[in-house]
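Observations on the model geometry
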Amino acid sequence: MAPARSWREHPLRRITPWLFLLTPLALLITFTYVPVGNMIYYSFTDWDGVSPERNYTGLDNYRQLFTRPELFRVFFVSFYYLAASAVQIVIALYFATVLSFDLRFRNLFKGILFFPYLVNGVAIGFVFLYFFQDGGTLDALLAWFGAGGDHAWLGDPESANTSLAGVSVWRFTGLNFVLFLGAIQSVPGELYEAAQLDGASRWQQFRHIIAPSIRPVLSLSVILAISGSLAVFEIPYIMTGGATGTSTFVIQTVKLAFQFNKTGLASACAVVLLLIILVITWIQRRLVPDDKVDLV
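As the structure is a prediction and not an experimental result, all values here were calculated from the model.

1. Observations regarding the packing of helix H2 (residues 60–67) against helix H14 (residues 263–287)
What describes two packed helices is the angle between their axes and the distance between those same axes. Where H2 contacts H14, the two axes come as close as 9 Å, and the packing angle between them is 70°. It follows that H2 is roughly perpendicular to H14 by the angle criterion. As H2 runs across H14, the sense of the crossing is right-handed. The segment H2 lies against H14, with Asn61, Tyr62, Gln64, Leu65 and Phe66 engaging Gly264, Leu265, Ala268, Cys269, Val271 and Val272.

2. Thoughts on the nonpolar core
If you look at the biggest cluster of nonpolar residues, it comprises 21 residues, and the most contacted ones within it are Ala96, Phe177, Phe180, Ile184, Tyr192, Ile210 and Ile214. In contact with Phe177, not counting residues within four places along its chain, are Ala92, Phe95, Ala96, Leu99, Lys110 and Leu113. In terms of nonpolar packing, the next biggest core, distinct from the first, is built from 19 residues, Met39, Tyr62, Cys269 and Val271 among them.

3. A look at the packing of aromatic side chains
For the coordinates displayed, the defined rule picks out 14 aromatic pairs. Aromatic side chains Tyr41 and Tyr42 sit 5.8 Å apart centroid to centroid with 55° between the ring planes, which places their arrangement in the tilted category. On the basis of relative accessibility, which here comes to 42%, the residue Tyr41 falls in the partly exposed class. Judged by centre distance (5.1 Å) and plane angle (85°), the rings of Phe131 and Phe132 are edge-to-face. A residue is classified by how much of its surface remains accessible, and Phe131, at 22% relative accessible area, is partly exposed. Over the aromatic face of Trp47 sits the side chain of Arg54, whose NZ or CZ is 4.5 Å from the ring centroid.

4. Describing the pattern of salt bridges
Considering all chains together, one arrives at 3 salt bridges under this definition. Linking Arg63 and Asp60 is a salt bridge whose minimum nitrogen-to-oxygen distance equals 2.5 Å. Here Arg63 pairs with Asp60, and both are found in helix H2, just 3 residues apart, close to one helical turn. For Arg68, the salt bridge goes to Glu70, with nearest N and O atoms at 2.9 Å. For Arg68, a relative accessible area of 27% corresponds to the partly exposed category.

Quick notes on the rules
Residues numbered from 1 in each chain as written. Predicted model: local features only at pLDDT ≥ 70, side-chain atom pairs only at ≥ 80, totals over all residues. Heavy atoms only, no water. Axes fitted to C-alpha atoms, helices over the stretch in contact; angles between N-to-C directions. Helix = DSSP H or I, 4+ residues; strand = E, 2+ residues; numbered from the N terminus. Parallel < 35°, antiparallel > 145°, perpendicular 65-115°, else oblique. Left-handed = near helix turned anticlockwise from the far one by under 90°. Contact = heavy atoms within 4.5 Å. Core = buried A, V, L, I, M, F, W, Y, C linked by side-chain atoms within 4.5 Å. Buried < 20%, exposed > 50% of the residue type's maximum accessible area, 1.4 Å probe, protein only. Phe/Tyr/Trp six-rings, centres within 6.5 Å; stacked < 30°, edge-to-face > 60°. Lys NZ or Arg CZ within 6 Å of the ring centre and 35° of its normal. Salt bridge = Lys/Arg side-chain N within 4 Å of Asp/Glu carboxyl O.

Right under this line is the structure:
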């Protein structure tokens, strides 16, 4: 009689990890890769999003996208949000560094900084819509300092995009702040103690200890900032609907699909946006490789 095989030798042991991965892989394929595949397929058709007919048009949608200036011009609006992303990274890094040290009421300040990120984006849009309206909250505050008068903050492209970018700074600074704070607090405290014994200032501690340790997180924040500035939708759509030159590439794509029933062209826009984000991310990762930092 042959001896019984142990569980380590059982054939099912080899496939057990794949059984645990079956459900998440099925969900990932169903709700991520299949929709992306359909989007790529739609980009080569003239589908209107409603009728069952989908005529193959080849690269016509992509030709329209790159030959019609009004479709690609909206990318320039992203520069406002890219500049705002740089501002919010600097602000978040500053407060994360300051609040990582022993400071009175630092937990209160942490909550204040992170709170805007917890608020629903639609609610933020409506709140700041009243904040920036003519004779609204901002004009009332300026009147206290002798700068009275109604200003059309959302009335022309430059001031409107600047105002909307400022709202994004207020909302998303908390996210970068938490990322930076977590990375800074993971640094061993012995390094700070040794630096203080050597007479290192706060700036020297930041330059030689904090900055090298959070480089991977900083790289991630830059990637999120670039991709987020290209894919802005919620705040400008709620506050202006894309009027007065505030339409972003995503707002334009949504309007093409659901307002003008050009789902094929909108799918081409989405594919181009996805490729741009992937290329920028690849370039950024090549220029700033994610090297392992060992400070201990």
